[in-house]
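Working through the structure, step by step
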Amino acid sequence: GPGITWCSGPCNSNINNPIVPEFIVYPVPAKDFIFVKASDPICYCSISDLTGKALLEINTFDQNEFSIDVSDFEQGLYLISVKSQQSHSVSVISIE
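Residues numbered from 1 in each chain as written. Predicted model: local features only at pLDDT ≥ 70, side-chain atom pairs only at ≥ 80, totals over all residues. Heavy atoms only, no water.

**Notes on the overall build of the protein chain**
On a plain count of helices and strands, the protein chain comes out with zero helices and six strands. Walking the protein chain from its N terminus toward its C terminus, one meets helices and strands in the order β-β-β-β-β-β. Taking all 96 residues of the protein chain together, 30% fall into the buried category. Surface exposure of the protein chain reaches about 6200 Å², of which carbon and sulfur atoms provide 52%. (Helix = DSSP H or I, 4+ residues; strand = E, 2+ residues; numbered from the N terminus. Buried < 20%, exposed > 50% of the residue type's maximum accessible area, 1.4 Å probe, protein only. Areas by Shrake-Rupley, 256 points an atom, 1.4 Å probe, with all protein chains shown as cover.)

See below:
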């Protein structure tokens, strides 16, 4: 999936390496819950529709792993945005 990283100070990323999301989301497709696991503590997570409209926003208080109830979401594709102190990554999730 696509990944975006912003740096507020000096950036140590190697420009030759592709940027990859710093987190994984499972299961895909999801039915009732999705689980998010990250290498860095996550401070914020949001789920948006494909137009970018935020449908759910969560302050995760620096957890590396958490679940999100998606049972009320309609079937389709959504964007999940995950922010840590070091990075901000976006990925597409499928809910059925």
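Structure's up, so let's keep going.
**Describing the nonpolar core**
The nonpolar side chains of a soluble globular protein tend to be buried, and buried together. Among the nonpolar cores identified, the biggest contains 18 residues, and Ile 34, Val 36, Ile 47, Ile 68, Val 70, Ile 80 and Ile 93 are the most heavily contacted of them. For this core, the secondary-structure elements that each account for two or more residues are strand E2 (23-26), strand E3 (33-48), strand E4 (54-69), strand E5 (76-84) and strand E6 (88-95). For Ile 47, the residues in contact, after removing those within four places along its chain, are Ile 34, Lys 53, Ala 54, Leu 55, Leu 56, Ile 68, Val 70, Phe 73, Tyr 78, Leu 79, Ile 80 and Ile 93. (Core = buried A, V, L, I, M, F, W, Y, C linked by side-chain atoms within 4.5 Å. Contact = heavy atoms within 4.5 Å.)

**Some thoughts on the confidence of the model for the protein chain**
Put simply, the protein chain has an average pLDDT of 82, and 78% of its residues get 70 or more. The least confident element of the protein chain is strand E1 (residues 3-4), whose mean pLDDT is 48; the most confident is E5, at 93. Predicted confidence for residues 1-19 stays below pLDDT 50, and this span has 15 contacts to residues more than four positions away or in other chains. (pLDDT = per-residue confidence, 0-100.)

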